[in-house]
Amino acid sequence: MKSELVSRYNAKITNKLKITFLGTGTSQGVPVIGCTCGTCRSKDPKDKRLRSSVLIKTNELTLTIDAGPDFRQQMLLNKVSKLDAILVTHGHKDHVGGLDDVRAFNFLAKKSMKVYTPHFAVSDLQREFHYAFEEDKYPGAPNIELNIIKNTPFKIKNIEIIPIEALHYKNPVYGYRLGRFCYLTDIKTISEAEKNKMRGCEIITISGLRKKEHISHFNLTDAINLLQELNPKKGYITHISHLMGKYEDVEKELPDNIHLAYDGLSIEIN
């Protein structure tokens, strides 16, 4: 079964992927309100982190993974005027708090926004954005088309997307694989079966909160260990706290093929 999975996920991908890190910070972002630590006071733009999200473009499709509280700012900074879909990892506010701002795309495209959400996050979205799902909703409410997914592959247009399930403390969370790119955030534990879905990726992005242990997140060592086990061409660490330290300092400690991601970083996979 393992070889069958690896073979399937590593099949030739005809779509070039362009990935842009819209945000690489934790729920508080960096700098943190009121904090005077060296990271928060850093002048290096790579130490300024909006809440975590990525933009993925192919010839056919433009989507984001997550839409946190900084979604509007991220869309403006990156001049995004077309968005086909949003993939939700889980229902925490730092990953879905910006969904109200899909209204702009509703207006531009004159259609609803397709939001693909794990079944376990549906109640979170319906509670947080209840006004978007009312039968007789306010005319200015966001127009969201919920597509409820389970841990099985699905397609948006002709692009196959592979959910990868992990645990965020005791709560499930989905990462996603598109072609030879994999993105998994807010992870604390993951099974061997789910790891196998990630094998053969050229680029893997994993969350790593800080250097010290954390109850519900990988720390830096955890992230490095998983990336070294999976052995992609390049590994990137995201969902980074100010407690991790400055970008330039941490980069010196990392293996050659592993890097801290930063806001605005763009990579391509042919």
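Criteria and thresholds
Residues numbered from 1 in each chain as written. Predicted model: local features only at pLDDT ≥ 70, side-chain atom pairs only at ≥ 80, totals over all residues. Heavy atoms only, no water. Helix = DSSP H or I, 4+ residues; strand = E, 2+ residues; numbered from the N terminus. Buried < 20%, exposed > 50% of the residue type's maximum accessible area, 1.4 Å probe, protein only. Contact = heavy atoms within 4.5 Å. Areas by Shrake-Rupley, 256 points an atom, 1.4 Å probe, with all protein chains shown as cover. Core = buried A, V, L, I, M, F, W, Y, C linked by side-chain atoms within 4.5 Å. Pairing = 2+ DSSP bridges. Axes fitted to C-alpha atoms, helices over the stretch in contact; angles between N-to-C directions.

A. Examining the overall build of the protein chain more closely. For the protein chain, the helix and strand inventory stands at 8 helices and 14 strands. Taken along its principal axes, the extent of the C-alpha atoms in the protein chain is 55 × 50 × 35 Å. Residues classed as buried in the protein chain amount to 53% of the 270 residues present. Contacts in the protein chain between residues at least 24 apart in sequence constitute 64% of all its contacts with a sequence separation of at least 6. On the protein chain, roughly 12600 Å² of surface is accessible, and the fraction owed to carbon and sulfur atoms is 50%.

B. The nonpolar core, seen in detail. Within the largest apolar cluster, 27 residues are counted, with the highest numbers of intra-cluster contacts made by Ile19, Ile56, Leu63, Leu87, Ile156 and Tyr176. Cys182, Met198, Cys201 and Leu260 belong to the second-largest nonpolar core, a separate cluster that totals 26 residues.

C. Looking closely at the sheet that holds strand S11 (residues 203-207). Taking strand neighbours across the sheet as the criterion, the 7 strands line up as S7-S8-S9-S10-S11-S12-S13 in an open arrangement whose pairing is mixed. Each having just a single partner strand, strand S7 (154-156) and strand S13 (258-260) make up the two edges of the open sheet. Taken over all neighbouring pairs, the strand axes of this sheet differ in orientation by 25° on average, direction set aside.

D. Representation of the pairing of strand S10 (residues 181-184). The alternating pattern of S10 places Phe181 and Tyr183 and Cys182 and Leu184 on opposite faces, both of which are buried. Pairing of strand S9 (residues 171-178) with S10 involves 3 bridges; the strand directions are antiparallel. Bridge pairing in S10 links tyrosine 176 to tyrosine 183. Linking two consecutive strands that pair antiparallel, namely S9 and S10, is a turn of 2 residues; a positive phi of about 60° is found at glycine 179 within it. Pairing of S10 with S11 involves 4 bridges; the strand directions are parallel. Of the residues in S11, the one forming a bridge with cysteine 182 is isoleucine 204.

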